[in-house]
Amino acid sequence: VSWPCSVVVLGAGRLGCALRLALEAAGISVAAHWTRSTATAEAARSEGFDVVTGGFPEALRTADLVCLAVSDGALAGLSTALAASGLLESGRPAQGVTVLHHAGAADLGPLAPLSSLAPIGSLHPLVSVASRRTALAGGACAVEASDDATAQRIEELARRLSLHPLRWRGDRARYHAAACLVGNFPQALMAAAIRIFEEGGVDARAAREALGPLLLSASRNAVEREGGSAFSGPVVRGDVEVVRRHLSALDAPELADVEALYRAASKVAAVAVDGPRRELLEALLAEGR
Ligand SMILES: NC(=O)c1ccc[n+]([C@@H]2O[C@H](COP(=O)([O-])OP(=O)(O)OC[C@H]3O[C@@H](n4cnc5c(N)ncnc54)[C@H](OP(=O)(O)O)[C@@H]3O)[C@@H](O)[C@H]2O)c1
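Keep in mind it's a predicted model, so treat the numbers as computed, not measured.

(A) Examining helix 4 (residues 148–160) more closely. The end-to-end C-alpha distance of helix 4 is 19 Å, a good match for the 18 Å that 13 residues give at a rise of 1.5 Å each. Of the positions making up helix 4, those classed as buried are Thr150, Ala151, Arg153, Ile154, Glu155, Leu157 and Ala158. Summarising the contacts, the buried residues of helix 4 are in contact with helix 1 (14–25), strand 3 (65–68), strand 4 (98–101), strand 5 (120–125), strand 6 (140–145) and strand 7 (164–167). If you check the start of helix 4, you find a side-chain oxygen 3.2 Å away from the backbone N of Ala149, and it comes from Asp147. Residue Ser162 follows helix 4 closely and has a positive phi angle near 60 degrees.

Laid out in structure tokens, this is it:
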């Protein structure tokens, strides 16, 4: 019998709904989709998701997978409430129930209240889920579980959802910080560049249109090329003079945050430079404002 047969999703925010769509697209039925607040339920319903509120759904009694798609800070409390509900104890299918969370920065600690009732695990999609209808397919995901057999089942599930599983061993917050660098900060880089363009008389919309193709081509290089060959620009060319002029152009109180960002990113890029120019660059970048 393929697992899972009957899924309950708790949480109808962006990830809860996107996950539900991914499950259903893979032919896995969602028996119940619950969320705590009526406001979130209404928002999800307006986007076409049938979501319930109130007490936990009875479908938990026969579910073989429960997905806790709630904010990181709500996981421990929800696990405690779920354990206390008694719904995971009665009338279980032969295989039992598995409970997952989907948080990037959390290990399995928040699910500890459930660990005597069910195998526990996590599946964190490395996808920027900006809306309830964001497709997860094609992304990678970190998988962790209370035992190896459960981890293997979650990996199989991931593959059915067209997610590429990876196992992370180590500090989850560090893993998630790395994911955020790539998933969240291109937008920060874009926002900083737009601010500077606006000062030069280019409005925000025109700036975004002008910088967009540049960001996309740089992203493509970062994804498709290895090591130093992924970079372009004065840092990686070892052009100390241009970098010096950039730093002095950014040396203004209203650009202090952008200058710090430029310096920090340049330090990371400078590792791709060979020879004495690297030392010159590193010395320049280490200078205080
Ligand atoms: N968005 C992403 O890009 C992304 C990607 C990968 C993983 N994740 C993970 O997915 C999880 C959910 O994130 P999201 O982006 O879907 O956030 P979201 O859109 O803000 O939704 C948050 C959900 O958490 C629920 N919630 C908050 N506090 C709760 C509580 N005390 N008790 C019960 N439910 C509570 C909310 O339900 P009510 O509003 O009904 O209370 C809502 O369903 C997080 O662990 C996040 O790390 C997100």
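(B) Highlighting the packing of aromatic side chains. With the rule as written, the count across this model stands at two aromatic pairs. Ring geometry for Trp168 against Tyr175: centres 5.5 Å apart, planes inclined by 50 degrees, an arrangement best described as tilted. Judged by relative accessible area, which is 31%, Trp168 ranks as partly exposed. Positioned above the aromatic ring of Trp3, the side-chain terminus of Arg153 is 4.6 Å from the ring centre.

(C) Layout of the sheet that holds strand 1 (residues 7–10). In space, the seven strands of this open sheet follow the order 2-1-3-4-5-6-7, with mixed pairing throughout. The open sheet is flanked by strand 2 (30–34) and strand 7, the only strands paired with a single partner. Averaged over all adjacent pairs, the angle separating strand axes in this sheet is 25 degrees, with direction ignored. Relative to strand 4, strand 3 is paired through four bridges, and the arrangement is parallel. Counted as the bridge partner of Leu68 is His101 from strand 4.

Definitions and limits used
Residues numbered from 1 in each chain as written. Predicted model: local features only at pLDDT ≥ 70, side-chain atom pairs only at ≥ 80, totals over all residues. Heavy atoms only, no water. Helix = DSSP H or I, 4+ residues; strand = E, 2+ residues; numbered from the N terminus. Expected span 1.5 Å × (residues − 1). Buried < 20%, exposed > 50% of the residue type's maximum accessible area, 1.4 Å probe, protein only. Contact = heavy atoms within 4.5 Å. Polar contact = N/O pair within 3.5 Å; in protein donor to acceptor, adjacent residues only side chain to side chain. Phe/Tyr/Trp six-rings, centres within 6.5 Å; stacked < 30°, edge-to-face > 60°. Lys NZ or Arg CZ within 6 Å of the ring centre and 35° of its normal. Pairing = 2+ DSSP bridges. Axes fitted to C-alpha atoms, helices over the stretch in contact; angles between N-to-C directions.

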